[in-house]
Protein chains: 2
Amino acid sequence: MTKTKDATSASEASESPPTSGAEMPSEAAQAHRFGKARSAQSTALLEDYVELISDLLGASGEARPTDVARRLGVSHATAIKTISRLKREGLATSRPYRGVFLTEAGTALAERVRLRHRLVVDLLVAVGVPPDSAEADAEGIEHHVSDTALAAFRAFLGRGENS
Amino acid sequence: MTKTKDATSASEASESPPTSGAEMPSEAAQAHRFGKARSAQSTALLEDYVELISDLLGASGEARPTDVARRLGVSHATAIKTISRLKREGLATSRPYRGVFLTEAGTALAERVRLRHRLVVDLLVAVGVPPDSAEADAEGIEHHVSDTALAAFRAFLGRGENS
DNA sequence: CTTAAAGTGTAGCCGTTGCTACATGTTGGT
DNA sequence: ACCAACATGTAGCAACGGCTACACTTTAAG
Ligand SMILES: [Mn+2]
Ligand SMILES: [Mn+2]
Ligand SMILES: [Mn+2]
Ligand SMILES: [Mn+2]
C-alpha cells in the first residue's frame, strides 16, 4: 500500500467545528424518532393488506388472493406469502381455495386504518392538495401519522372526534 | 381427506355482491398508488442517511459511521453497510477511517430532503400538530409527499416557491 | 362429462436491512 | 514507545418482501 500519510497535510489546519448553523437534536431523541419511523414501516404493509381485504369483503363479499395481488400490483405468490403473515399475526384467516377473511382484530385494525386514511386525504385536500395527489400521497403518509396528529387533523377540519 | 363437500350447503344461497358501500378505485389506479408508496419506501432510508450526513458535516465538519449509527439508533455495522449502498448509488464517498462525504448528487439530494423535511414540519404545526409530534411524524411522512403536495403546502403557508 | 382457463399454493432465488461476534486499524494518555 | 480505548470493517445469521417457475385444484365452457 505504501501509505503516503502526508496526503492530509493541506487540509488539517482548520478543523473548526462550525457550530454555526441550525441546532441538531439530541442523539437519543433523534434515534428514537428514526426508530419509530422504522417500526411504522414494518406495519405499513399489514395495514394496507387489512384495509384492502376489508374493502374487497365489503364490496363483493369475498377477498381472493389474486384480487388482492392485482390491487396491490404484486404477484399472487407475494400476496399469498404476506397473507400467511397476516394469519401468523392473528389478523386474518383463510382456508385453501376459499378466500381470505379478517379476524376480530383484523376487522378492528381495518376500521382504524380506513378512518385514518380518509382523515389524511381530507386534510391534504383541505390544505390545497389536488384530490388525486392527495389520494396517492395518503397511501404512504397514513402509516406515519400519530394519534396526536390525527386529533389535530380532526380539530383543523372542524370535526369533533368522530369520522 | 374424505372431502365432505356438502359443508358449503347453508351459505351458498346469498352470494350477493353488496355493491352498496363506497366505490372502490380501479384496479390499475390502486396498483399504481401502492407501487408508488412501495418505491418511496425504498428510497426513504437513503434520504434519511444523506440528510443526516449532511447535518453532521455542517455541524462538526465530519460524519463518522459511528455517529451516523448512534443518531439513527442502529448498530455501526448496519450503518456501514448502508453507507456502502450510498457509495454504490453515487451519493457518498468514504475512505477507511476517514469519515463519510457526500458527492455532488448526494449534496443536492440532502438539500432537497432538508427543505422538504422543514416544509412538512411547518405544515403539520400550521394545522395544529404539537411541534414534538410534528417533528417525529415528519420523519416518516416526508418520504411520501409528492412535489405537487409540497407546492400546495407552500401555498398554504403563504410562501412563494422559496423555502 | 370433459377439458381448458383461472385460481391457488409451494419452492427457490435475490436484495435489503437489521443484528451479533470477531478482527483489524487509529489514536490518545502515560 | 506502548497500550488501552475506541472506531472501523467483515462475516454470518435472520426476517421480510419482492420475483419466477412449477404443480395442483377449482371453476367455467362446450
Ligand atoms: Mn397505505
Ligand atoms: Mn390506505
Ligand atoms: Mn425521514
Ligand atoms: Mn428527515
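Whatever comes next refers back to the structure up there.
Report follows, based on the coordinates. Since the model is a prediction, treat every value here as computed from it, not as a measurement.

1. Notes on the coordination of the manganese ion (ligand 1)
Residue and element names in this part refer to chain A. Distances from the manganese ion (ligand 1) to its protein donors, Asp48 (OD), Glu139 (O), Glu139 (OE), Glu142 (OE) and His143 (NE2), fall within 2.0 to 2.3 Å. Counting residues between consecutive donors of the manganese ion (ligand 1) along the chain gives the motif D-x90-E-x2-E-H. If you look at the manganese ion (ligand 1) and the manganese ion (ligand 2), they sit 3.6 Å from each other and are both ligated by Glu139. Judged by its relative accessible area of 0%, Glu142 is buried.

2. Concerning the packing of aromatic side chains
Considering all chains together, one arrives at one aromatic pair over all chains under this definition. Between the aromatic rings of A:Phe156 and B:Phe156, the centroid separation amounts to 6.0 Å while the plane-to-plane angle is 70 degrees, which identifies the pairing as edge-to-face. Here the residue A:Phe156 occupies a position in helix α6 (residues 147-156), and B:Phe156 occupies one in helix α6 (residues 147-157), the pair thus bridging two chains. Look at A:Phe156 and you get partly exposed, because its relative accessible area is 33%.

3. Quick word on the relation of the copies chain B and chain A
Once chain B has been moved 0.0 Å along the axis and rotated by 180 degrees, it coincides with chain A to within an RMSD of 0.0 Å. Viewed as a symmetry operation, the transformation between the two copies matches a two-fold axis. Ranked by how close their C-alpha atoms come to the rotation axis, the residues of chain B are headed by B:Ile141, at 2.5 Å. Mapped onto chain A, 100% of the interface residues of chain B are again interface residues, and the two copies thus contact each other with one and the same surface.

4. Focus on the interface of chain B and chain A
Each partner contributes to the interface: chain B provides 51 residues, whereas chain A provides 51 residues. Summed over both sides, the interface of chain B with chain A buries roughly 4,400 Å², with 62% coming from carbon and sulfur. Of all residues in chain B, B:Met24, B:Phe34 and B:Arg71 give up the largest surface area on contact with chain A, accounting jointly for 16% of the area buried on that side. On the surface where chain B and chain A come into contact, there are two salt bridges. Secondary structure elements with two or more residues in the side of chain B that touches chain A: α1 (27-60), α2 (65-72), α4 (104-126), α5 (131-141) and α6 of chain B. If one sorts the elements of the side of chain B that touches chain A by residue count, α1(B) sits on top with 16 residues. Of the residues belonging to the side of chain B that touches chain A, the class tally is 25 nonpolar, 15 polar and 11 charged.

5. With respect to the coordination of the manganese ion (ligand 4)
Between any two of four tetrahedral donors, the ideal angle at the metal is 109.5 degrees; between two of six octahedral donors, it is 90 or 180 degrees. Residue and element names in this part refer to chain B. Distances from the manganese ion (ligand 4) to its protein donors, Glu51 (OE), His117 (ND1), Glu139 (OE), Glu142 (OE) and Glu142 (OE), fall at 2.3 to 2.7 Å. Within one chain, the residues donating to the manganese ion (ligand 4) are spaced in sequence as E-x65-H-x21-E-x2-E. With a relative accessible area of 8%, Glu51 lands in the buried category. Take His117: its relative accessible area is 7%, and that puts it in the buried class.

6. So, the protein's contact with DNA strand D
Neighbouring DNA strand D are 21 residues; A:Ser75, A:Thr78, A:Lys81, A:Arg85 and B:Thr66 lie closest to it. Expressed as a percentage, the sugar and phosphate content of the atoms of DNA strand D within 4 Å of the protein is 62%. Taking B:Thr66, its side chain carries an N or O atom lying 2.4 Å from a phosphate oxygen of DNA strand D. Within the contact set of DNA strand D, a base oxygen lies 2.9 Å away from a side-chain nitrogen or oxygen of B:His76. Elements with a contribution of two residues or more to the surface near DNA strand D: α3 (76-88) of chain A together with α2 and α3 (76-88) of chain B. Broken down by element, the surface near DNA strand D gets its largest block of residues, five residues, from α3(A).

Rules of the game
Residues numbered from 1 in each chain as written. Chains lettered and ligands numbered in written order. Predicted model: local features only at pLDDT ≥ 70, side-chain atom pairs only at ≥ 80, totals over all residues. Heavy atoms only, no water. Donors = N, O, S within 2.8 Å, 3.2 Å for Na, K, Ca; no water. Buried < 20%, exposed > 50% of the residue type's maximum accessible area, 1.4 Å probe, protein only. Phe/Tyr/Trp six-rings, centres within 6.5 Å; stacked < 30°, edge-to-face > 60°. Helix = DSSP H or I, 4+ residues; strand = E, 2+ residues; numbered from the N terminus. Least-squares fit on C-alpha atoms with pLDDT ≥ 70 in both. Contact = heavy atoms within 4.5 Å. Buried area = accessible area lost by both parts, 1.4 Å probe. Salt bridge = Lys/Arg side-chain N within 4 Å of Asp/Glu carboxyl O. Nonpolar A, V, L, I, M, F, W, Y, C, P; charged D, E, K, R; others polar. Near = heavy atom within 4 Å. Polar contact = N/O pair within 3.5 Å; in protein donor to acceptor, adjacent residues only side chain to side chain.

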